[in-house]
Amino acid sequence: MKINVRVSNETDTKYAYIICNKIQESAKIRGTGIAKKDPEYIKLKMILGNAVIAFCNDKIAGFGYLDVFQKQEFVVNSGLIVFPEYRQQGLAKIIKLEIFNLSKTKFPHAKIFSITTNNYVIKINTELGFKPVSFSEITKSEKFWKGCESCSNFDILTRNKRKMCLCTGMLYNPLKKRKKNELNELFDGDRIVLAYSGGLDTSYCLKFLIQKGYEVHTVIINTGGFQKSELKNIEIRALKIGAKSHISIDAIEEYYQNCIKYLIFGNILKNNTYPLSVSSERIFQAIQIAKYAKDMKAKAIAHGSTGAGNDQIRFDIAFQIICPETITLSPIRDFKVSRKEEIEYLKNFGIAIGWDKAKYSINKGIWGTSIGGKETLTSLEDLPNEAYPKKLKRTKSENLALEFEKGELVGVNGERAKAIKNIIKIENIASEFAIGRGIHIGDTILGIKGRVGFEASAAIIIIKAHHLLEKHILTKWQLYWKDQLSNWYGMLLHEAQYLDPVMRNIETFLSSTQERLTGQVKVVLYPYRFHLVGIQSKFDLMTSNMAQYGEMNYAWTKEDITGFTKILSNQMKMYHHLTEEKNKKKE
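Residues numbered from 1 in each chain as written. Predicted model: local features only at pLDDT ≥ 70, side-chain atom pairs only at ≥ 80, totals over all residues. Heavy atoms only, no water.

A.B. asks: Could you give an account of the pattern of salt bridges, with specific residues and numbers?
C.D. replies: The tally for this structure, following the rule as stated, stands at 27 salt bridges. With its nearest N and O atoms 3.3 Å apart, the salt bridge here joins D334 to R333. E398 is paired through a salt bridge with R394; the nearest N and O atoms lie 2.2 Å apart. For R394, a relative accessible area of 28% puts it in the partly exposed group. In the salt-bridge network here, residues are joined through shared partners; they are K93, K123 and E127. (Salt bridge = Lys/Arg side-chain N within 4 Å of Asp/Glu carboxyl O. Buried < 20%, exposed > 50% of the residue type's maximum accessible area, 1.4 Å probe, protein only.)

A.B. asks: Before we move on, can you summarise empty space enclosed by the protein with the specific residues and values?
C.D. replies: What the rule picks out here adds up to one cavity of 30 Å³ or more. Space inside the largest cavity adds up to approximately 40 Å³. Together, K390, E427, S431, A434, I435, R437, E455, A456 and S457 line the largest cavity. Across the lining of the largest cavity, the residue classes tally to three nonpolar, two polar and four charged. (1 Å grid on protein atoms, 1.4 Å probe; cavity = no way out; pocket = protein on both sides within 12 Å on 5 of 7 lines; lining within 4 Å. Points joined across faces, edges and corners; volume = space filled by probe spheres on them. Nonpolar A, V, L, I, M, F, W, Y, C, P; charged D, E, K, R; others polar.)

A.B. asks: With reference to specific residues and values, describe the sheet that holds strand β10 (residues 245–250).
C.D. replies: Across a sheet, strands are paired by hydrogen bonds formed along the backbone, either parallel or antiparallel in direction. The strand order β10-β9-β8-β11-β12 describes an open sheet built from five strands, whose pairing is parallel. Each having just a single partner strand, β10 and β12 (327–329) make up the two edges of the open sheet. Strand-to-strand twist of the sheet, defined as the mean angle between neighbouring strand axes without regard to direction, takes the value 25 degrees. Where strand β8 (residues 191–195) lies against strand β9 (residues 215–222), five bridges are found, and the strand directions are parallel. (Pairing = 2+ DSSP bridges. Helix = DSSP H or I, 4+ residues; strand = E, 2+ residues; numbered from the N terminus. Axes fitted to C-alpha atoms, helices over the stretch in contact; angles between N-to-C directions.)

A.B. asks: I'd like a description of the packing of helix α9 (residues 252–265) against helix α17 (residues 502–512), backed by residues and values.
C.D. replies: One way to put it is that α9 packs onto α17 with a least axis distance of 10 Å and a crossing angle of 55 degrees. Considered as vectors, α9 and α17 are oriented oblique to each other. Judged by the twist between their axes, the crossing of α9 over α17 is left-handed. Across the interface between the two elements, N258, Y262 and F265 from α9 touch E507, L510 and S511 from α17. Residue composition of the contact of α9 with α17, grouped by class: three nonpolar, two polar and one charged. (Parallel < 35°, antiparallel > 145°, perpendicular 65-115°, else oblique. Left-handed = near helix turned anticlockwise from the far one by under 90°. Contact = heavy atoms within 4.5 Å.)

A.B. asks: How would you sum up unusual backbone geometry? Please name residues and give values.
C.D. replies: In this model, N272 sits at a positive phi of 60 degrees, which is unusual for a non-glycine residue. Exposure remark for N272: the relative accessible area of 69% places this residue in the exposed category.

A.B. asks: Before we move on, could you go through a nonpolar patch on the surface and cite the residues and values that matter?
C.D. replies: Residues W477, Y480 and W481 make up a contiguous nonpolar surface patch of about 380 Å² in total accessible area. Among the secondary structure elements, Y480 is positioned in helix α16 (residues 476–494). The class of Y480 is partly exposed, set by a relative accessible area of 38%. (Patch = residues over 30% accessible without salt bridge, like charges linked within 9 Å, V, L, I, M, F, W, Y side chains within 5 Å. Areas by Shrake-Rupley, 256 points an atom, 1.4 Å probe, with all protein chains shown as cover.)

Written as structure tokens, this is what we have:
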């Protein structure tokens, strides 16, 4: 049986009359006093999202709602009904839990109460932390008690001056000691900040944590790659699933200034292939999430990483350093949840976005896009053209001119702008040639090999152009030591060591090498590839008046060369002389 329990909306108002009739029929059969429900009142609850509706095999099967009294001091959970043909399925408990969590999410500081004659409901309430109380401890709102006038037991309530009736009053007080939950040291109602991308993994985490009774606030850190409409849709999805709040934090400029800039300065390509497109973003996302969690005074931070990849390490390390007092959760990793199980779990709550139809996992960013699929799980197969988000649109070659100033990209094709805008501009142009595609094979932090596809046209072109400019301007030993430290910088960044102070030391060195790195690089774009034509710079060491390679020199004589080669070869001559004498003695 397929069960779907969700928060109601305006489209459900067509069921209002059926629900009211079922409530009345149930009251007559059981001989209990259930107050009569008005269909228009039920419709309003549905429209406001203050009700929960249940379906079995797409047919309505149950209902429950909440109401608010005394300026949100009290919330009542009421109107619980499971249609007779769907009883004995545990549906009442699911509805009750959903309406309880909805009450806590929308009104986290309110006292939640329930009055009922049903022993099963009393048992469920007790499990949720409700305590039996006298009617004097629940709302004094006349509006609420007026609703009891249609109940067959109203005279009993009146005779006892509202102190007692056949119903049992039960109260959940969030200010009193809460029930310890199963996840670490968390308690029911604790605040959690969830890193939320809107995809399958983080959507599962959001619903899972809400169902566990936590107050979940979602946040997405935009380090590039998202349109405003995409960010808005992610927010809508988070709130629809049940997030208490959602925020999008723009960290693109910070990501550039603190990372991309140094990836360019260092010409960094992991294993001479991968521009650290997504892996470099994660640490900055983690840092911003940790700061937000501190501002929110969250008890825990959650992320949607699995137990087999690098991202879990990047998130966990950043959280432990920046906000060590918070608890870190990763439900998918912690409970070893499979993708199939995630999809089924969300479907049971009516959350289906077609994740089971997506063939490839796509992570977009300003420095490139990573692509994962069944092909990247093997060592042999290549990603098909359909896997790449950007398609070939242009076949005629095009010239591109990149302007650098002290190592930073300050202009494209004669137009000056900030580096971020220039990166986006190159990406828009070069991606239409399907440039920058590749598959990276590398070692994960956990010691296993991993394969990932990527497309990063702007990153590849900028790094290669910058490197060409350096080869003309920097000295031999500058280039040599830059290679050594740049490789270490890329490796440490990839392996979640960004917050180690040695990274700041390397950044200082890289910045110092860029003082003269000013000039223009000419590039030609072709389908699937590009060609570096050459550079122009006042610091070009090839323009020296001392000599012209392979042609003529003006700064030394043949005698100078003869003396230089004698001195340069001294140690090698001594080595070979001694070796020759040793060999003669053997003879």
